[in-house]
Every structure is written in C-alpha cells, then in structure tokens.
Amino acid sequence: MKMGSFFMRASSALKRYPSSSNLLLLCTLSFSGGGVVAYSESRSETEHPIVDAGVVPKKKVVVLGTGWAGTSFLKDLDASRYDVQVVSPRNYFAFTPLLPSVTCGTVEARSIVEPVRTLIKKSKGEIKYWEAECVKIDAANRKVFCNSNINNLVGRGEFSLDYDFLVLAVGSQVNTFNTPGVKENCHFLKDIEDAKRIRLSITDCFEKAVLPSLSEEERRSNLHFVVVGGGPTGVEFAAELHDYVQEDLRNLYPAVKDLVKITLIQSGDHILNTFDQRISTFAEQKFTRDGEVCSVPHGLIVWSTGISTIPVIKDFMEQVGQGKRRVLATDEWLRVKGCKDVYAIGDCCTIDQRKIMDDISAIFAAADKNNSGTLTIEEFQDVMDDILLRYPQVELFLKKKHLLDFTSLWLDSQGNERKEIDIEGFKQALSHADSQMKSLPATAQVAAQQGTYLARCLNRMDQCEENPEGPRRFRGTGRHKFLPFRYKHFGQFAPLGGEQAAAELPGDWVSMGHSTQWLWYSVYASKQVSWRTRVLVISDWTRRFIFGRDSSRV
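Residues numbered from 1 in each chain as written. Predicted model: local features only at pLDDT ≥ 70, side-chain atom pairs only at ≥ 80, totals over all residues. Heavy atoms only, no water.

Right, let's talk about the overall build of the chain for a bit. Tallying secondary structure elements over the chain gives 18 helices and 24 strands in all. Residue pairs at least 24 apart in sequence account for 64% of intrachain contacts in the chain once pairs closer than 6 positions are excluded. Surface summary for the chain: the accessible area is close to 30700 Å², and the carbon and sulfur share equals 53%. (Helix = DSSP H or I, 4+ residues; strand = E, 2+ residues; numbered from the N terminus. Contact = heavy atoms within 4.5 Å. Areas by Shrake-Rupley, 256 points an atom, 1.4 Å probe, with all protein chains shown as cover.)

What follows deals with helix α2 (residues 68-76). Three- or four-residue spacings in an α-helix give side chains the same orientation, since the helix completes a turn every 3.6 residues. With seven of nine residues buried, α2 is to be regarded as a mostly interior element. For α2, the set of buried residues is Trp 68, Ala 69, Gly 70, Thr 71, Ser 72, Phe 73 and Leu 74. (Buried < 20%, exposed > 50% of the residue type's maximum accessible area, 1.4 Å probe, protein only.)

Pairing is antiparallel across the open sheet formed by three strands, whose spatial order is β22-β23-β24. In the strand order of this sheet, the two ends are held by β22 (492-497) and β24 (509-513), each with one partner. Going across the sheet, the axis of each strand differs from the next one's by a mean of 10°, ignoring polarity. (Pairing = 2+ DSSP bridges. Axes fitted to C-alpha atoms, helices over the stretch in contact; angles between N-to-C directions.)

A sheet is described by the order of its strands in space; here three strands give the open sequence β14-β13-β15, paired in parallel fashion. Bordering the open sheet on either side are β14 (261-265) and β15 (300-303), each of which pairs with just one other strand. In this sheet, neighbouring strand axes are inclined to one another by 15° on average, regardless of whether the strands run parallel or antiparallel. Relative to β14, strand β13 (residues 224-228) runs parallel, the two sharing five bridges. When the sheet's bridge partners are listed, Val 228 is paired in β14 with Ile 265.

Generally speaking, a soluble globular protein has its nonpolar side chains buried in company with each other. Among the nonpolar cores identified, the biggest contains 81 residues, and Phe 73, Val 84, Ile 112, Ile 202, Phe 206, Phe 237 and Trp 541 are the most heavily contacted of them. Among the elements that line this core, the one with the most residues is helix α15 (residues 444-459), at eight residues. Setting aside anything within four residues of it in sequence, one finds Trp 541 in contact with Leu 98, Thr 106, Val 107, Trp 520, Tyr 521, Tyr 524 and Ala 525. By size, the runner-up hydrophobic cluster in this structure holds 26 residues, among which are Cys 134, Leu 166, Ile 310 and Ala 344. (Core = buried A, V, L, I, M, F, W, Y, C linked by side-chain atoms within 4.5 Å.)

This brings us to a nonpolar patch on the surface. A surface patch of nonpolar side chains, amounting to about 530 Å² of accessible area, comprises Trp 518, Phe 545, Ile 546 and Phe 547. Among the elements that take part in the nonpolar patch, helix α18 (residues 531-547) stands out by supplying three residues, more than any other. Along the chain, Phe 547 turns up in helix α18. Note on Phe 547: relative accessible area 69%, which makes it exposed. (Patch = residues over 30% accessible without salt bridge, like charges linked within 9 Å, V, L, I, M, F, W, Y side chains within 5 Å. Salt bridge = Lys/Arg side-chain N within 4 Å of Asp/Glu carboxyl O.)

Turning our attention to the packing of helix α12 (residues 377-390) against helix α13 (residues 392-400). Packing of α12 against α13 brings their axes to within 4 Å, and their N-to-C directions diverge by 100°. Between α12 and α13, the crossing angle belongs to the class labelled roughly perpendicular. Residues Ile 387, Leu 388, Leu 389 and Arg 390 of α12 form the contact with α13, whose participating residues are Pro 392, Val 394 and Glu 395. (Parallel < 35°, antiparallel > 145°, perpendicular 65-115°, else oblique.)

Our focus in this paragraph is the UniProt feature "domain: EF-hand" (unreviewed entry) in the chain. Per the UniProt entry, the sites bearing "domain: EF-hand" (unreviewed entry) are residues 355-390 in this numbering. In residues 355-390, the share of helix is 61% and the share of strand is 8%. The end C-alpha atoms are 10 Å apart. (UniProt positions renumbered as here; feature names shortened; annotations may be inferred.)

The next subject is the pattern of salt bridges. Where charged atoms from two side chains of opposite charge approach closely, those side chains can pair. Per the stated rule, a full pass over the model turns up 34 salt bridges. Close ionic contact of Glu 247 with Arg 544 constitutes a salt bridge, the shortest N to O distance being 3.4 Å. A residue pair is termed long-range when its members are at least 10 positions apart, and Glu 247 in helix α8 (residues 232-252) and Arg 544 in helix α18 qualify at 297 residues. Judged by relative accessible area, which is 34%, Glu 247 ranks as partly exposed. Among the residues examined, Arg 544 registers a relative accessible area of 9% and is labelled buried. Arg 486 is paired through a salt bridge with Glu 395; the nearest N and O atoms lie 3.3 Å apart. Here Arg 486 is found in the loop between α16 (461-466) and β22, whereas its partner Glu 395 is found in helix α13, with 91 residues between them in sequence. Its relative accessible area of 37% is what places Arg 486 among the partly exposed residues. Salt bridges sharing common partners tie together Glu 247, Asp 248, Glu 499, Arg 544 and Arg 549.

Our next topic: the packing of helix α6 (residues 192-209) against α8. Relative to each other, α6 and α8 sit at 45°, their axes nearing to 13 Å. In terms of orientation, α6 and α8 fall into the oblique class. α8 is crossed by α6, and the crossing has right-handed handedness. Across from Ile 198, Ile 202 and Phe 206 in α6, the residues of α8 making contact are Phe 237, Leu 241, Tyr 244, Val 245 and Leu 249. Here the residues of the contact of α6 with α8 are counted per class, giving eight nonpolar, no polar and no charged. (Left-handed = near helix turned anticlockwise from the far one by under 90°. Nonpolar A, V, L, I, M, F, W, Y, C, P; charged D, E, K, R; others polar.)

Right, let's get into unusual backbone geometry. Its identity is not glycine, yet Asp 341 carries a phi of approximately 65°, on the positive side. The topology assignment puts Asp 341 in the loop between β17 (328-330) and β18 (342-344). Of note, the phi angle at Asp 508 is positive, near 60°, even though the residue is not glycine. Looking at the element boundaries, Asp 508 is found in the loop between β23 (500-505) and β24.

Our next topic: the environment of Ser 221. As for its position among the elements, Ser 221 is in helix α7 (residues 216-222). Note: C-alpha distance between Ser 221 and Leu 300 (79 residues apart in sequence) is 9.3 Å. In this structure, Ser 221 is in contact with Pro 297, His 298 and Gly 299, ignoring residues within four places of it in sequence.

Here five bridges tie strand β8 (residues 133-138) to strand β9 (residues 143-147), and the two strands are oriented antiparallel to one another. Bridging from a neighbouring strand, Lys 136 pairs with Phe 145 of β9. Taking the residues between adjacent antiparallel strands as the criterion, β8 and β9 are bridged by four residues, where Arg 142 takes a positive phi near 55°.

See the structure below:
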C-alpha cells in the first residue's frame, strides 16, 4: 500500500510540474530477496516534439527492382541525401550470367545470390526495403501501389508509397511471341527459380528414361533436350548441359548414355549473331547444323528467345503517352519521356537517342556567331566537343570512316578543303551520322553501368544545379545539367563447353579456346557482388573439378 501511494503521489507531482519530464526511479524491495528496477520517461500532454524549421526534409526516392540495374544504383547512391525505399518481390540479387551453370549443378543456386538487406546495410545512409511487387504506378499523383506476395500470414499486404524521384529497374519477361503452348510446356531461364526447376527436370528425364517399362523410342524422347534460341543464354545452357551429360550423367546412367540428344533451334542464319563472325563460326563448328523442320519429341524444352515488357510497365506507358511503343523510352539522361522525375534503367527500357539531323539547323545557328550564313572551321570547332557529347553517333561515324576529326568533313566532293561551309554543306557533311545509331543490348553490363550513372547524377544533383556539367543546349540557352549516359563496352563471353569459351573484347580482339575459359573463370569470379559469393562460386568450381556435379534431387 505504501509503495502504491508513492507512485500516486509521484504521478500527481508530474502533472503539477510538466517541465519535469524525466523521472528516474530506482527501488530495491526486499520481497523474497528479489529486486525491481524501473525507469520511466514521461512527456507532458501539452508538450510537442521540437521541429527544426531550418532542416529541409529529404526527398523520397523509390526504387522498383533489385536486379543488376537496381542493385548497382543502390550500391553507388549516397543514401544519406535521400529517403530511399526499395520495392522488389525478390529479396536477393542474383548473378544471372551464371544461371546456365546452376541448371546443371556446376554452381549451386545460393552461391550466386546475395540478400538485398545485406547489400543495403553497406550503404551510406539508411535504405528501407519492402518485399512486395509493384502492381500500379500513378504518375499523375507520384505514387506507386504495391502488394506483398506473402499471403499466408495475417495483416494486409497492400500499401502505397509517395515519391519525389522514381527509379524503374523492374527488368523484363520472356518473349513468347504469342506462340501457342510455350508457357504451358517450356522452361524459361530468367531467374534462380527457373534454373532450379530446369535442374530438377533434367534429373526427371534421366530417372524416367531408365525405368524398365519404357521402350527405346520413349527413352529417346525423354532424353531429347531442346533449346529454342541461339543467343548467349541458349548456347551457354546447351554447352553446360552437354558437359553435364558427358562428364557426369553418362557414368551414372550407362544404360541410356547413347540415347541423349541436344537440339539448338535458331530462327536466324547463325547462332551468337550478336558476336563477332569469327566467334559465331567457331560456335557453329561445335554444333552440327540441321535444317530439318518437323515435329520434335522431347523430354525438356528451354525457351530463350528474347524479352518483352512486363504488364505494370505497359500500363505506365499508356499513362505517359508511350502506349504505341513496344519498350519504355528514355532520353540520354535515362529520364522517362513524357514523365517528370521518373527514371528507367536496365531491361525495362531503351534509350531513344536523339538524331543530329533533327537539330542540325539549331547547331548551325549556335556555331554561326556572326550570323553570316556560313561557318568557318574555327567556328565549328567551338561546338565540336558539345556535339560529340550530345550525339555519340557522330563519333562512331567518324571512327567508321577512319576520319581523325571534323576537319575531314570540310572537304568538298573533289577532296579540296573549304574555308567556309553553308547550311546545306553542313547538312550533307553530317547526313550519314545518324546511321550509326544502335540500341543497347539488354545485358547485365549495360544495366549495371546505367545504375551507376544514375546514382552519380542523384549524388551530384545540387552541385550540377549550380554548375552544369553537360553539353550545350542547342535548342535553348545554357547547358544540360549532367553529361548524358555513355555505355562503355568491356567485352562479352560465351562458354561453349568442353572447357572452351569465346571472348569478344574491346579493340576488335577475339579469343577462343581453353585459355579463354580460364579468363572467363577469373572475370566472373571478380565480378561477384561480395566476397561471400566469390568464395562460394570458386569453391563450387573446385568441387566440380574434384568430385563432379551433384545429380541428387534436393
């Protein structure tokens, strides 16, 4: 009773003296030798939290997706400058170039994934992550609507987020070209779950084929593996599967080792047609060409024929006036066309590079400072650097024509140098530059560079607002705030099986054979996002060399 009355008197005193907001009470009671320590922090009902009027609230950055583009953006973003929230249905980042290796057990699935929460813990500043899927983007009200895929627990899974800047890095889906039966009968190879399903299906095919109740025709059918698509993913999977069969499965299933067949189907004239012709020819020498068109009995089909836009992006494209396009378009600064403060990176978009001929008159007027109607070489050199920055196709055009600089364009049809050039001559000199415009490939390399570029732009937003670093605005005044995105190609690999690979590297350097395979090992190990995955991948490769691949159904 005494203790109860003490607390009542203390509570009454706090109400009479609201300035006494903190009370530290330490009581030791001798009830059976026990002790109680109580701490109470009380706030007056009339007291309100103090808000510093001089503190500017952080702008909200919402990132959709944790693939190559989204993860690269988050790794390089200075999160202390923004209120960053990430939404993705997958709480991990996957090193997708090694997915074909996962399908055959050369590398384990967990060896190439890194939890998103582990990655964002390393960032400078706080980043919030929500495991959910964006189902709608409201561009007019700057809001995204999301839904959790976890449906077996209590609580509502629907929520919405407001944004000041929205970064779309949601990736793409497999393009079936509306072919009947593809979704029902084919495997895709876009994510970890796809690779794990393919691995189980390969085991199913062999286990079913060795049953004593099957005829030889049925065994051949079950052991016929079909790969649709002769691009890098299809070729790499076919090569991995070939090695898996030759090095491991033929020893485990000797009764059917001669019945296995792998077919690669390609609609074009050549496989790996995005690579150098020498690589394409070398790869085709490892695959027997057969032009027969027929119904193909099969045990497993892997469909790898390209990508298409996912539904939420299609709906967003309708909102911003891009409904007639197949892919979401951005400008050279990765800003979505027709929508302010929304950026798109990775496979979900394409850069709509502006043609120089659309601005040729404005460029001529900017260079013609004295309004003489003609340009001298000196006048044109003043805007040359800005042209190369703003229109990268011009630089590609000069390289293709083996021209050292713009002065070579000043020559007339007879090869004589001109002192001045008029608007028509100027147009004629650059009329073929736009022919060098090319869409960037939907690769991890492009996505990662776009994410890094966009993070740099947001980190320097305030600095470049005062001191723009971009090229001159030929239509208008001043300069662009940032340099436009410029992709730098570091080369590409194509493992071809039998411990052989092909590589296309900068400088028109092509390498093929066993030594290139070891180069592939070193590059892919170095490109892992953490030391944990790097060690796991290398240990998986070592385990495979020593013990072979694991064919158990786990």
